[in-house]
Amino acid sequence: MFESNQNTIRYKWDPETSTGYQLRFDAESAAKGGHYCFHVEDWNCRTVTNEWPCQDLTEALEVLNHFFTVDIEQERERLSAWLPPEYRAAA
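The sections below set out a description of the structure shown in this document. (Residues numbered from 1 in each chain as written. Predicted model: local features only at pLDDT ≥ 70, side-chain atom pairs only at ≥ 80, totals over all residues. Heavy atoms only, no water.)

Our focus in this paragraph is the overall build of the protein chain. Scanning the protein chain from terminus to terminus reveals 4 helices and 5 strands. In sequence order, the protein chain lays out its α and β elements as β-β-β-α-β-β-α-α-α. For the protein chain, long-range pairs separated by at least 24 residues make up 30% of all intrachain contacts whose partners lie at least 6 apart in sequence. Working note: accessible area of the protein chain is about 5,700 Å², and carbon and sulfur atoms make up 46% of it. (Helix = DSSP H or I, 4+ residues; strand = E, 2+ residues; numbered from the N terminus. Contact = heavy atoms within 4.5 Å. Areas by Shrake-Rupley, 256 points an atom, 1.4 Å probe, with all protein chains shown as cover.)

Once that is clear, we can look at the side chain of glutamine 22. The residue glutamine 22 is located in strand β3 (residues 19-25) in this model. Of note is the side chain of glutamine 22, whose polar atom sits 2.7 Å from the side chain of glutamate 41. Residues contacting glutamine 22, with those up to four places away along its chain left out, are Thr8, Ile9, Arg10, Tyr11, His39, Val40, Glu41 and Trp43. (Polar contact = N/O pair within 3.5 Å; in protein donor to acceptor, adjacent residues only side chain to side chain.)

Let us now look at the packing of helix α2 (residues 57-67) against helix α3 (residues 72-79). Running from amino to carboxyl end, α2 crosses α3 at an angle of 130°, the nearest separation of the two axes being 10 Å. In terms of orientation, α2 lies oblique with respect to α3. Both α2 and α3 take part in a crossing whose hand is right-handed. Within the contact between the two elements, α2 uses Leu57, Thr58, Leu61, Glu62 and Asn65 and α3 uses Ile72, Glu75, Arg76 and Leu79. Classifying every residue of the contact of α2 with α3 gives 4 nonpolar, 2 polar and 3 charged. (Axes fitted to C-alpha atoms, helices over the stretch in contact; angles between N-to-C directions. Parallel < 35°, antiparallel > 145°, perpendicular 65-115°, else oblique. Left-handed = near helix turned anticlockwise from the far one by under 90°. Nonpolar A, V, L, I, M, F, W, Y, C, P; charged D, E, K, R; others polar.)

Encoded structure:
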């Protein structure tokens, strides 16, 4: 599920832990030249307790793939419309 107001895409809900994972693109940090603009986060916590900062989309998708199966190539293609052009190539 894409949350445009937060630049996040929510993934895989785990009923056993009552949480899931989201991928967030930090556009503000990217605009300032930040190196870790992608974040895999625990989506249920208002205060993020589990966060994995990533340098690029591939790294973020690999983190997600650690928690559940993600077709990295297919997901990168699906997300290409969501990301700014300069981050599509870096994926």
